[in-house]
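Listed below are the residues making up each chain.
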Amino acid sequence: MNRRYYLCTNIAVIDMKRASLIPLLFAFISCAPAMYNLSTSKDIPSSLLSEKEILVLTPSDGISDGAIVSGSGSKLASKVYYYLNTKDCEVVLDEDHNTIKKIDESELQKYDYVVVPAIVSWEDNATAWSGKPDKLVFSIEIYDKDKKKVASGNIDAKSTNTTIVENDPSELIDKPLSEFINKLF
């Protein structure tokens with residue numbers, strides 16, 4: 001009888017150890033880095049934006065499942081502004097324009113470069129429930145004061161398929177954006 005009790009308690013201890021690993025595994029998976037692909041124009045001059053005056057435009061909001069995601073354009077523009085502000089340059093955020101075509105010529109002459117981000121795709125999924133990852137595709141084009149495109153980058157990012165916390169496509173911006181901006185300095 002003692003032997004059976006001993007076996008049962010050992011099995012229970014092993015099952016408890018396995019059961020305690022499951023939440024740990026989910027926590028690890030939900031914190032796993034997102035996957036992204038960054039493609040840039042081939043001819044980005046080194047130190048392109050160093051010590052320059054830069055204007056950052058605010059893109060139109062993205063669309064997810066046919067609905068406009070209010071504030072998504074501002075989130076992207078704010079992050080571009082933030083990362084540029086950590087570098088050796090002067091940055092101004094323009095919240096009124098989303099394309100260089102609408103900016104007055106006299107205004108353009110105040111800046112060396114204009115950074116134009118654009119949201120191509122903003123897919124916010126209930127990943128914790130569906131297993132479908134969030135996806136974000138955005139581009140960044142850089143123009144000189146004569147409206148000539150001098151550099152560009154395209155970023156295609158997606159979250160992990162498994163998470164236990166609610167997430168948002170805006171969480172996919174930081175890492176690839178930082179990598180792209182580092183290429184410009």
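Residues numbered from 1 in each chain as written. Predicted model: local features only at pLDDT ≥ 70, side-chain atom pairs only at ≥ 80, totals over all residues. Heavy atoms only, no water.

Trainee: Whenever I open this one, the packing of helix H2 (residues 72–85) against helix H5 (residues 174–183) confuses me. Can you help?
Mentor: As a packed pair, H2 and H5 sit with axes 10 Å apart at the nearest point and diverge in direction by 45°. Of the possible angle classes, the one that applies to H2 and H5 is oblique. You can see that H2 and H5 cross each other, and the crossing is right-handed. Here H2 contributes Lys 79, Val 80, Tyr 83 and Leu 84 to the contact with H5, which in turn contributes Asp 174, Leu 177, Ser 178 and Ile 181. Counted by class, the contact of H2 with H5 contains five nonpolar, one polar and two charged residues. (Axes fitted to C-alpha atoms, helices over the stretch in contact; angles between N-to-C directions. Helix = DSSP H or I, 4+ residues; strand = E, 2+ residues; numbered from the N terminus. Parallel < 35°, antiparallel > 145°, perpendicular 65-115°, else oblique. Left-handed = near helix turned anticlockwise from the far one by under 90°. Contact = heavy atoms within 4.5 Å. Nonpolar A, V, L, I, M, F, W, Y, C, P; charged D, E, K, R; others polar.)

Trainee: Quick question: what am I supposed to make of the nonpolar core here?
Mentor: Leu 84 and Ile 142 are the most contacted members of the largest nonpolar core, which has 30 residues in total. At the level of elements, strand E2 (53–57), H2, strand E6 (113–123), strand E7 (135–144), strand E8 (149–158) and H5 are the ones that each hand at least two residues to this core. Residues in contact with Leu 84, not counting those within four places in the same chain, are Leu 49, Ile 54, Val 56, Cys 89, Val 91, Val 115, Ile 181 and Phe 185. Counting residues in hydrophobic clusters, the runner-up holds nine residues, among them Ile 100, Tyr 111, Val 116 and Tyr 143. (Core = buried A, V, L, I, M, F, W, Y, C linked by side-chain atoms within 4.5 Å. Buried < 20%, exposed > 50% of the residue type's maximum accessible area, 1.4 Å probe, protein only.)

Trainee: Explanation requested: the pattern of salt bridges in the structure shown.
Mentor: Side-chain pairing between opposite charges can occur once the charged atoms of the two side chains come close. A full pass over the atoms with the stated rule returns four salt bridges. A salt bridge links Glu 107 to Lys 110; the nearest nitrogen and oxygen atoms lie 3.0 Å apart. The class for Glu 107 is partly exposed, based on a relative accessible area of 27%. When its relative accessible area of 53% is taken as the criterion, Lys 110 is described as exposed. For Lys 149, the salt bridge goes to Glu 141, with nearest N and O atoms at 3.2 Å. In this structure Glu 141 comes out as partly exposed when scored by relative accessible area, which is 24%. (Salt bridge = Lys/Arg side-chain N within 4 Å of Asp/Glu carboxyl O.)

Trainee: Is there a simple way to think about a negative patch on the surface in this case?
Mentor: A surface patch of negative charge is lined by Glu 51, Glu 53, Asp 88 and Glu 90. On the accessibility criterion, Glu 53 (34% relative accessible area) is partly exposed. (Patch = residues over 30% accessible without salt bridge, like charges linked within 9 Å, V, L, I, M, F, W, Y side chains within 5 Å. Areas by Shrake-Rupley, 256 points an atom, 1.4 Å probe, with all protein chains shown as cover. Lys, Arg positive; Asp, Glu negative; His and termini not counted. Charge placed at Lys NZ, Arg CZ, Asp CG, Glu CD.)

Trainee: Please clarify how the pairing of E7 should be interpreted in this entry.
Mentor: Counted residue by residue, E7 has seven buried out of ten residues, so it is predominantly covered. Strand direction decides the pairing type here: E6 and E7, joined by ten bridges, are antiparallel. Looking across to E7, one finds that Ile 119 is bridged to Phe 138. Bridge count between E7 and E8: nine bridges; the pairing is antiparallel. The residue of E8 that forms the bridge with Glu 141 is Ser 152. Taken together, E7 and the strand that follows it, E8, pair antiparallel across an intervening segment of four residues, in which Lys 147 is found at a positive phi of about 65°. (Pairing = 2+ DSSP bridges.)

Trainee: Could you clarify how one ought to interpret unusual backbone geometry in this entry?
Mentor: Peptide bonds are mostly trans, and most non-glycine residues show a negative phi. The backbone phi angle of Ser 47 is positive, close to 60°, even though this residue is not glycine. By the secondary structure assignment, Ser 47 is in the loop between strand E1 (35–40) and E2. At Glu 51, a residue that is not glycine, the phi angle is positive and equals roughly 55°. Turning to its location among the elements, Glu 51 is positioned in the loop between E1 and E2.

Trainee: Looking at this model, I keep getting lost on the packing of aromatic side chains. Mind explaining?
Mentor: Within this structure, the stated rule accounts for one aromatic pair. Seen from their ring centres, Tyr 82 and Tyr 83 are 5.1 Å apart, and the 80° between their planes marks the pair as edge-to-face. You can call Tyr 83 buried: its relative accessible area is 16%. (Phe/Tyr/Trp six-rings, centres within 6.5 Å; stacked < 30°, edge-to-face > 60°.)

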